[in-house]
Each structure stands twice: as C-alpha cells, then as structure tokens.
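Structural description and commentary
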Amino acid sequence: MRPTIAMIAQMAGVSATTVDRVLNGRGRVKSRTREQVLRVAQETGYLDKASAPVAAPVLLDFILPEGQSSFIETLASHLRGAAENSRVPVTPRIRFFDRSNPEGLATQILSLKGKSQGIGVVAVDLPEVREAIRQVAAAGIPVLNMVSDLTNVPKIGYVGIDNRAAGRLAGLLLSRLIKSETGKIAVFAGSLAYRGHEEREMGFRHFLSEETRLEVVEMREVRDNVETMHQEALALLKRHPDLAGIYNIGGGNRGIAMALMETGCAGKVVFIGHELTEHSRQFLLRRVMDAVIDQNPRVEARDAIELLAHAARGEPQPNLPPIRIQVVFRENIPQV
C-alpha cells in the first residue's frame, strides 16, 4: 500500500496540512517538526532517501554585548525562538562580549573563521572590529549587522531601525511633551562607539537645534550600567533642579527611573527612552517614563535568522521590509 499524506501525518503526530507544508515548502514550520515529517516520509517510502535527505541544521552565531540590558536578553530569547520556527533547520549559538573590552569582539569574530555558517553581530564601530568582519567575510562566512549598523564592511545587510530617525523622533516627542518653549535637557548614552547610539544623538540634537529652543545642558556616556546611570541621574537632578527633560539613548532606563522617583521628579521631568521591556512597561504605567521608542526585537530576530539562513545556503536574499519604529505610551502598551 502506497503511503499517503494522511498516513505520514498520523505517524508523525501532526496535521495533514503541516505535512503538505513541509513536503511542498509552503509556509513556516518549526525545524523539529519539519525534520520529523521528512524522516517519516523517507521511512515509509513516500520520499526517496537519496533525493530528499533531511537537511543538516545551519549553524549560525550571534554575538551580543553582555551586561544588564533587558533588551539584549529579549533579543537573545527571540533569536532562539526564531531559529526554532525557521523554515529550514537552524542551530543558533548566542555569544556575548564584554562591554568594557569591546576590542575583544574582534577576537571573537575571528575565532569563528571556518567554524560558523553565518554571523549576526551587534557591533561597536572600531577599526579592529571592521577588519575582523572583513577577514571572516573573505573566508566565505556571511555577516549581518544587527541593531547598530556599520559602514565600509562586507555584510549581507542590516537588521534594525533607522537610528538617526529615532533620535529625531525623540526630539519631537520631548519638545511636544514639555510645557515650555525653553528648558534644560539631559542626554544619556550607553556608548557612542555604537554607531546606532551616535546616530540617535545626532538626530536628536539636530531636531532640537532646528525646531526648538530647548538646550542640552549635559551629556553622559554610562555604558548601559544601571547603577552608574542611577548615580549620574541623581547628581544631574541635584545640579539642575529645573531640568525639563531626559532622553536616554541606550539601556539603563531603570537607573534614571529610580533617581526620578527618589527625588520626587517622576512625572515632572519628561523622560523618554528606548526599548519596551518588562521594566519600561512598568515605568510607563507608573508615569515615570512618558514614551518608549521600540524597535521590535521579535521581528529583528526573525529577519536575522531568515537572512543568514538564506545566505548560508547560497539562496537569494529575501526582500524584507525595514524594521518599523514604534512609539509606546501608557495608553497603547502592546501585549507581549
């Protein structure tokens, strides 16, 4: 008796629709499910083993900055989930580099030469890092920039938002929420070695100078460290009791929020930051933060897996839409 799709579905423990998707390459199916369906199809003789082998997983490496960033933790989690749901088998390896020693990122990248089929990296913009990317790309490994872009390197693309536009958007929001035409503004950044942070600051300052009379009185670079951010924010509020607004370019929103609450400035000083996390959600609800500019790490992870998997298999790159910038207020917090 010739095996049927219904028989394969029963033996694999899935629906006939799922079997049809796997055998005909329609839609997304989890890697594990796909492997199980193909295995049963081969064992029953529905597929010839020589002509339809179970594809070996694509080995992809993702190098992210370590530290206290809830956003990076969320991105890592979504990368694992996107690999599980990829249409082709993908094995993701999540690696971290020391924020205090960004030069070590170049060493990590070079260590993957000949050991990886694709590299996604949230990279600091340093000569050593750019040269490391050039070397692994020359060895045939596709490289994808994530969250913060790099120029003058051989890459298959960039997955992330337009950071300069995000900075201008922050300027627009801050100027509309502050109830005065003039006022003092403070800016916090993680590290301007990230091109993305540099571009956000550039966009923010340009908007303020072009469209407002607001003044940036202080700029602090704190490497996304929550405790450092907390102490710097406390000192800032003491030096400028008439501060009108704060824009946090990077991570560490918790440190600023704690300082605002401890000094009684929450709800009085307009506070805008990036990334919707479990912490920033609560700060929005408690009216400590006024707005969060989010870049949707779930979509970024999905697109990164898809782009690198296609490149590793020598397939044409899919035409994916750019990542949208979303502004989240207290009234429109999305479901997780």
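Higher on the page you've got the structure.
1. Focus: the environment of A235
The residue A235 is located in helix α9 (residues 226-239) in this model. A235 gets classed as partly exposed once you look at its relative accessible area, which sits at 29%. When the C-alpha positions of A235 and V143 are compared, they lie 41 Å apart, and in sequence the two are 92 residues distant.

2. Here we look at the packing of aromatic side chains
Taken as a whole and judged by the stated rule, the model has 1 aromatic pair. Seen in terms of ring centroids, F204 and Y247 are 4.6 Å apart; in terms of plane orientation they differ by 35°. Their pairing is tilted. Highlighted residues: F204 in helix α8 (residues 195-211) and Y247 in strand β8 (residues 243-248), separated in sequence by 43 residues. The class of F204 is buried, set by a relative accessible area of 0%.

3. A look at the pairing of strand β6 (residues 182-189)
Looking at chain direction, β6 and strand β7 (residues 213-221) are connected through 8 bridges and run parallel. If you follow A186 over to β7, its bridge partner there is E218. In this view, the connection linking β6 to its parallel neighbour β7 by way of α8 has right-handed handedness. Bridge count for β6 against β8 is 5 bridges, and the pairing is parallel. Among the inter-strand pairings, K184 is bridged to a residue of β8, identified as L243.

4. Concerning the packing of helix α7 (residues 163-177) against α8
For the pair α7 and α8, the least separation of the axes is 6 Å and the interaxial angle reads 40°. Taken together, the axis directions place α7 and α8 in an arrangement best described as oblique. Of the two possible hands of crossing, α7 and α8 adopt the one that is right-handed. Every residue of α8 that contacts α7 at N163, R164, G167, R168, A170, G171, L172, L174 and S175 is listed here: G196, E199, R200, M202, G203, F204, H206, F207, L208 and E210. Partitioning the contact of α7 with α8 into residue classes produces 7 nonpolar, 7 polar and 5 charged.

5. Topic: the pattern of salt bridges
Scanning all chains against the criterion turns up 16 salt bridges. A salt bridge links R134 to E131; the nearest nitrogen and oxygen atoms lie 3.1 Å apart. On the criterion of helical spacing, the pair formed by R134 and E131 is a turn pair, its members being 3 residues apart in helix α6 (residues 127-138). Looking at E131, the relative accessible area reads 37%, which means it is partly exposed. R220 is the partner of E218 in a salt bridge, and the nearest nitrogen-oxygen pair spans 2.9 Å. On the basis of relative accessibility, which here comes to 11%, the residue E218 falls in the buried class. R220 sits in the partly exposed class, given a relative accessible area of 28%.

6. Things to note about the side chain of E275
Along the chain, E275 turns up in the loop between β9 (270-274) and α11 (278-285). With residues up to four places along the chain from it excluded, the contact list for E275 reads F71, R200, N253, S280, V292, I293, D294 and Q295.

7. Some details on the sheet that holds β8
Reading across from one edge, β7-β6-β8-β9-β10-β11 is the order of the 6 strands in this open sheet, with mixed pairing throughout. In this open sheet, the two strands that pair with only one neighbour each are β7 and β11 (326-328). Here the average twist between neighbouring strands, direction ignored, is 20°. Along the sheet, α7 makes contact with β6, β7, β8, β9, β10 (291-294) and β11, crossing β9 at roughly 160°. The strands that α8 touches are β6, β7, β8 and β9; relative to β7, the one it contacts most, it runs at about 160°.

8. Looking at unusual backbone geometry
The residue R223 is not glycine, and still its phi comes out positive at about 55°. Following the sequence through the fold, R223 ends up in the loop between β7 and α9. Positioned with a positive phi, D224 is a non-glycine residue whose angle comes to about 60°. Its place among the elements puts D224 in the loop between β7 and α9. Overall, D224 belongs to the buried group, its relative accessible area being 8%.

9. Focus on helix α10 (residues 253-262)
The α-helix advances 3.6 residues per turn, and as a result positions three or four apart in sequence lie on the same side. Among all positions of α10, only N253, G255, I256, A257, A259 and L260 are buried. Those residues of α10 that are buried are in contact with β6, α9, β8, β9 and α11.

10. A short note on the sheet that holds strand β5 (residues 157-159)
Where strands meet in a sheet, backbone hydrogen bonds hold them as pairs that are either parallel or antiparallel. The strand order β2-β1-β3-β4-β5 describes an open sheet built from 5 strands, whose pairing is parallel. Two strands close off the open sheet at either side, each with one partner strand: β2 (90-97) and β5. Taken over all neighbouring pairs, the strand axes of this sheet differ in orientation by 25° on average, direction set aside. With 3 bridges joining them, strand β4 (residues 143-146) and β5 adopt parallel strand pairing.

11. Some remarks on the nonpolar core
Ranked by size, the top nonpolar core spans 67 residues in total, and within it L79 and V129 carry the most contacts. Among the elements that take part in this core, helix α4 (residues 70-84) stands out by supplying 7 residues, more than any other. If we ignore the near neighbours within four places in the chain, the residues touching V129 are P102, L105, A106, I109, A123, V124 and L150. The next biggest cluster of nonpolar side chains, apart from the first, holds 23 residues, and it includes I246, A257, L260 and F283.

Thresholds, definitions, all that
Residues numbered from 1 in each chain as written. Predicted model: local features only at pLDDT ≥ 70, side-chain atom pairs only at ≥ 80, totals over all residues. Heavy atoms only, no water. Helix = DSSP H or I, 4+ residues; strand = E, 2+ residues; numbered from the N terminus. Buried < 20%, exposed > 50% of the residue type's maximum accessible area, 1.4 Å probe, protein only. Phe/Tyr/Trp six-rings, centres within 6.5 Å; stacked < 30°, edge-to-face > 60°. Pairing = 2+ DSSP bridges. Right-handed = clockwise from strand over helix to strand, strands pointing away. Axes fitted to C-alpha atoms, helices over the stretch in contact; angles between N-to-C directions. Parallel < 35°, antiparallel > 145°, perpendicular 65-115°, else oblique. Left-handed = near helix turned anticlockwise from the far one by under 90°. Contact = heavy atoms within 4.5 Å. Nonpolar A, V, L, I, M, F, W, Y, C, P; charged D, E, K, R; others polar. Salt bridge = Lys/Arg side-chain N within 4 Å of Asp/Glu carboxyl O. Core = buried A, V, L, I, M, F, W, Y, C linked by side-chain atoms within 4.5 Å.

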